[in-house]
Amino acid sequence: MNSPSQSIPQDAQQPEGAHEAMGAVRNGLQLGGSLLVTYAIAMGVRFLLPAYLGPENLGRFNWGDSFSAVFFLATQLGLEMYIRKEVARRPAHASDFFGTTLLLRLGLTVVLIGVLALVMAGQGDPPEVRYLVYVFAVAQSLTIINASMAALLHAKGKVAGLSVSNVVTKLVWGGGLLAVCLARLPLPWLAVPLVASEAVKLAVGWRLAHQHIGLTFRVDVPATMKVLKASLPFFITGVALGANGRLDVMILGFTATHEEVGFYGAAWNIAGLTFFLNPVFGWVLMPLASRAAARSEEELTRLTRRALEGTLVITVPLMMLIVLGAPLWVGLMGGEFAPSATPLRLMSPLFVLAFITMTSGMWLTMTNREWWVTITSVVGSLVLIPIFNLTLIPLLHSALGPGGGAAGTALSILLMEVAVTISLFARMGRAAFDARLLSMVGKTAAVCLAIAALDQTVLAPLGPWVRLGIEAALYVVGVLATGAVRPGEVLQVVRLARRRGNPEPEATPVAVAPTP
């Protein structure tokens, strides 16, 4: 007996990957909108603090943040990557382990603060530096818990409420810092707004997770032990990656001066703004890659290559803007920070390489080669970084004077990132590139070299703002003329975004043939 014909909307006929890509674009735009606001606030703070504190106190502030953060890497547990890989496929699994790991993290927080107190007691630092470290320690604990909470929502694809929360908590943080600066409160108070903002974020995140994925507080030790075992490579990788930008600051503080830490921190305040894509990477691309990998490695490889291409389109011009305008950007913080220009230039390629390694690491993780990522990260962060820093900081500090130690730290982390990139690409093999991506890289590199040459010759006599404006225009013309960036593909993404994952309104029903 034949069933009657049925009409199915056209969007139901589209490949599953297309629907997920549309959803990813929609989530990316929602998160991107909130990030624009939060980064505008962060940018103001990054220029406010150096001007308010000066190099030495800024160095103490950054050193306290980094020193406490290194200790609290132990509370990461590798959950964020595990959540994005597994909870994206089975959301109800979150309640099996989240409550138990929350208690574990809180217990570790108490222990680690005690260890910090013992270590700080023997350092001979002023009391205000010790209190600053303790307040930062509380903030580090809340930040890591919130990262896992956010990962749950990213894995489910529910980011609208999280986007609002990001803006609100960033306002709490920025407003609190401004109030502390205006009131001229002691140094430890500068960490209090971070604690307040993370506490608000935790409350909001728990409510959103309960609403969207049914997260409940449950203690299940056997299930949690299985999760922690599966998360071990992610935990080791997370510790190694988390040490980047933290361990080197510790070494710089011990081998040079707090003033050098201040110069390095000022450069990082500017360079760090370029990492605005970092949250979108974890929030959007990782869950999308997880579902692509579940279907086929070939689909995951295509996604990875196009993600690498999109990353370069955005990050390379920002790198060029930092390199060519370094003296101008550090000058906005005050003349005291002029020595920060050299470390800033050395840092500028970092975020390009960082996103490349994150994308290649994603491919290796989704194809069950995560231990290679782990080993590479550990060697890079815990072996190469100390060796490079202990060698280059004294050498460049002696050769360059003020800012030389900061330049040694910046060069150390750059060399480490290059080594990690080579290692991950070597493991990916032919999956890393296709002809289209290689062509785009070659054309973009040629445009960058040509503009750098013009900056040092023909355009050198011009004022910095005029020169940067001309160079920005030349870059856009260059990448479009050579075909390194293809406007048609950008417009396709925009069209997908405007549809917000919905089918075309004019789509007509598709008749399905009767089945016998």
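As the structure is a computational prediction, the values presented were derived from the model and not from experiment.

(A) Highlighting the overall build of the chain. When its secondary structure is counted, the chain shows 20 helices and 2 strands. Within the chain, counting contacts between residues at least 6 apart in sequence, those at least 24 apart form 84% of the total. For the chain, the accessible area works out to roughly 22500 Å², and carbon and sulfur atoms hold 68% of it.

(B) View of the packing of aromatic side chains. In total, this model carries 8 aromatic pairs according to the counting rule given. With a centroid separation of 5.3 Å and 65° between ring planes, the pair formed by Phe-61 and Phe-136 is classed as edge-to-face. Linking Phe-61 in helix 2 (residues 16-72) with Phe-136 in helix 5 (residues 127-156), this pair joins segments that are 75 residues apart in sequence. The two residues Phe-61 and Phe-136 agree in class, both being buried. With 5.7 Å between their ring centres and 75° between their planes, Trp-329 and Trp-465 make a pair best called edge-to-face.

(C) Spatial organisation of the packing of helix 4 (residues 94-121) against helix 8 (residues 221-230). For the pair helix 4 and helix 8, the least separation of the axes is 8 Å and the interaxial angle reads 85°. By the criterion of interaxial angle, the relationship of helix 4 to helix 8 is roughly perpendicular. Two secondary-structure elements touch here, helix 4 through Asp-96, Phe-97, Thr-100, Thr-101 and Leu-104 and helix 8 through Val-221, Ala-223, Thr-224, Val-227 and Leu-228. Among the residues making up the contact of helix 4 with helix 8, the classes are represented as 6 nonpolar, 3 polar and 1 charged.

(D) Examining the nonpolar core more closely. Formed by 91 residues in total, the largest nonpolar core has its most connected members in Trp-63, Leu-190, Tyr-264 and Leu-344. Considering each element in turn, this core owes the most residues, 12 residues, to helix 13 (residues 297-331). Setting aside residues no more than four positions away along its own chain, Leu-344 makes contact with Ala-267, Ile-270, Ala-271, Ile-322, Ala-326, Trp-329 and Val-330. Listed in part, the 20 residues of the second largest apolar core include Ala-94, Met-149, Leu-208 and Ile-213.

(E) Focus on helix 10 (residues 247-255). Summarising burial for helix 10: 7 of the 9 residues are buried, a large majority. Among all positions of helix 10, only Leu-247, Asp-248, Val-249, Met-250, Ile-251, Leu-252 and Gly-253 are buried.

(F) Spotlight on a nonpolar patch on the surface. Taken together, the side chains of Leu-232, Trp-371, Ile-375, Val-379, Leu-382, Val-383 and Ile-387 define a hydrophobic patch exposed on the protein surface, amounting to about 600 Å² of accessible area. Looking at the nonpolar patch, the element that brings in the most residues is helix 16 (residues 370-400), giving 6 residues. In this structure, Leu-382 sits in helix 16. For Leu-382, a relative accessible area of 40% translates into the label partly exposed.

(G) Geometry of the environment of Ala-51. Secondary-structure assignment places Ala-51 in helix 2. You can call Ala-51 exposed: its relative accessible area is 54%. A C-alpha to C-alpha distance of 9.2 Å links Ala-51 and Phe-337, two positions 286 residues apart in sequence.

(H) The arrangement of helix 3 (residues 79-87) in detail. Taking burial as the measure, the 9 residues of helix 3 include 8 buried ones, the bulk of the element. Taken residue by residue, helix 3 has Leu-79, Glu-80, Tyr-82, Ile-83, Arg-84, Lys-85, Glu-86 and Val-87 as its buried positions.

(I) Focus on unusual backbone geometry. Even without a glycine there, the phi angle at Arg-184 is positive, about 50°. Its location among the elements puts Arg-184 in the loop between helix 6 (160-183) and helix 7 (192-213). Among the residues examined, Arg-184 registers a relative accessible area of 62% and is labelled exposed. You will see that Asn-368, though not glycine, has its phi angle at about 60°, which is positive.

(J) Structural view of the side chain of Arg-467. Mapped onto the fold, Arg-467 is located in helix 19 (residues 464-482). Since its relative accessible area comes to 13%, Arg-467 is described here as buried. If we skip the residues at most four places from it in the chain, Arg-467 touches Leu-324, Asp-455, Leu-459 and Leu-462.

(K) Quick peek at the environment of Pro-464. Position of Pro-464 among the secondary structure elements: in helix 19. In this structure the C-alpha to C-alpha distance between Pro-464 and Leu-324, which are 140 residues apart in sequence, comes to 8.9 Å.

(L) Spotlight on the side chain of Thr-376. Positionally, Thr-376 belongs in helix 16. You can call Thr-376 buried: its relative accessible area is 9%. For Thr-376, the side chain forms a polar contact with the side chain of Ser-423, separated by 3.0 Å. Once residues within four sequence positions are removed from consideration, Thr-376 is found in contact with Val-420, Ser-423 and Leu-424.

(M) Examining the pattern of salt bridges more closely. Here the structure, examined in full by the defined rule, presents 10 salt bridges. As a salt-bridge pair, Glu-299 and Arg-295 come within 2.9 Å of each other at their nearest N and O atoms. Across the pair Arg-302 and Glu-298 runs a salt bridge, and its minimum N-O distance is 3.4 Å. Remark: Glu-298 and Arg-302 occur in helix 13; sequence separation between them is 4 residues, near one turn of the helix. Residue classification places Arg-302 among the partly exposed residues on the basis of a relative accessible area of 44%. Each of the salt bridges in this network shares a partner with another, and the network as a whole consists of Arg-306, Glu-309, Asp-434 and Arg-436.

(N) Representation of the packing of helix 8 against helix 9 (residues 232-243) in the model. Direction vectors running N to C along helix 8 and helix 9 enclose 55°, while the axes themselves pass 4 Å from each other. When the interaxial angle is binned, helix 8 and helix 9 end up oblique. Between helix 8, through Leu-228, Lys-229 and Ala-230, and helix 9, the contact on the second element is made entirely by Leu-232, Pro-233 and Phe-234. Residues belonging to the contact of helix 8 with helix 9 are distributed by class as follows: 5 nonpolar, no polar and 1 charged.

(O) Spatial organisation of the confidence of the model for the chain. Averaged over every residue, the pLDDT of the chain is 78; residues scoring 70 or more account for 80%. Counting interchain partners and residues more than four positions distant, the pLDDT-below-50 stretch residues 1-30 has 52 contacts. Contacts from residues 493-516, a stretch scored under 50 in pLDDT, to residues over four places away or in other chains number 34 contacts.

(P) The environment of Val-249, seen in detail. With respect to the helices and strands, the residue Val-249 is situated in helix 10. Take Val-249: its relative accessible area is 5%, and that puts it in the buried class. Taking the C-alpha atoms as reference points, Val-249 and Ala-406, separated by 157 residues in sequence, lie 9.0 Å from one another. Residues within four places of Val-249 in sequence aside, it is in contact with Asn-62, Trp-63, Ser-66, Val-261 and Tyr-264.

The rules behind each value
- Residues numbered from 1 in each chain as written.
- Predicted model: local features only at pLDDT ≥ 70, side-chain atom pairs only at ≥ 80, totals over all residues.
- Heavy atoms only, no water.
- Helix = DSSP H or I, 4+ residues; strand = E, 2+ residues; numbered from the N terminus.
- Contact = heavy atoms within 4.5 Å.
- Areas by Shrake-Rupley, 256 points an atom, 1.4 Å probe, with all protein chains shown as cover.
- Phe/Tyr/Trp six-rings, centres within 6.5 Å; stacked < 30°, edge-to-face > 60°.
- Buried < 20%, exposed > 50% of the residue type's maximum accessible area, 1.4 Å probe, protein only.
- Axes fitted to C-alpha atoms, helices over the stretch in contact; angles between N-to-C directions.
- Parallel < 35°, antiparallel > 145°, perpendicular 65-115°, else oblique.
- Nonpolar A, V, L, I, M, F, W, Y, C, P; charged D, E, K, R; others polar.
- Core = buried A, V, L, I, M, F, W, Y, C linked by side-chain atoms within 4.5 Å.
- Patch = residues over 30% accessible without salt bridge, like charges linked within 9 Å, V, L, I, M, F, W, Y side chains within 5 Å.
- Salt bridge = Lys/Arg side-chain N within 4 Å of Asp/Glu carboxyl O.
- Polar contact = N/O pair within 3.5 Å; in protein donor to acceptor, adjacent residues only side chain to side chain.
- pLDDT = per-residue confidence, 0-100.

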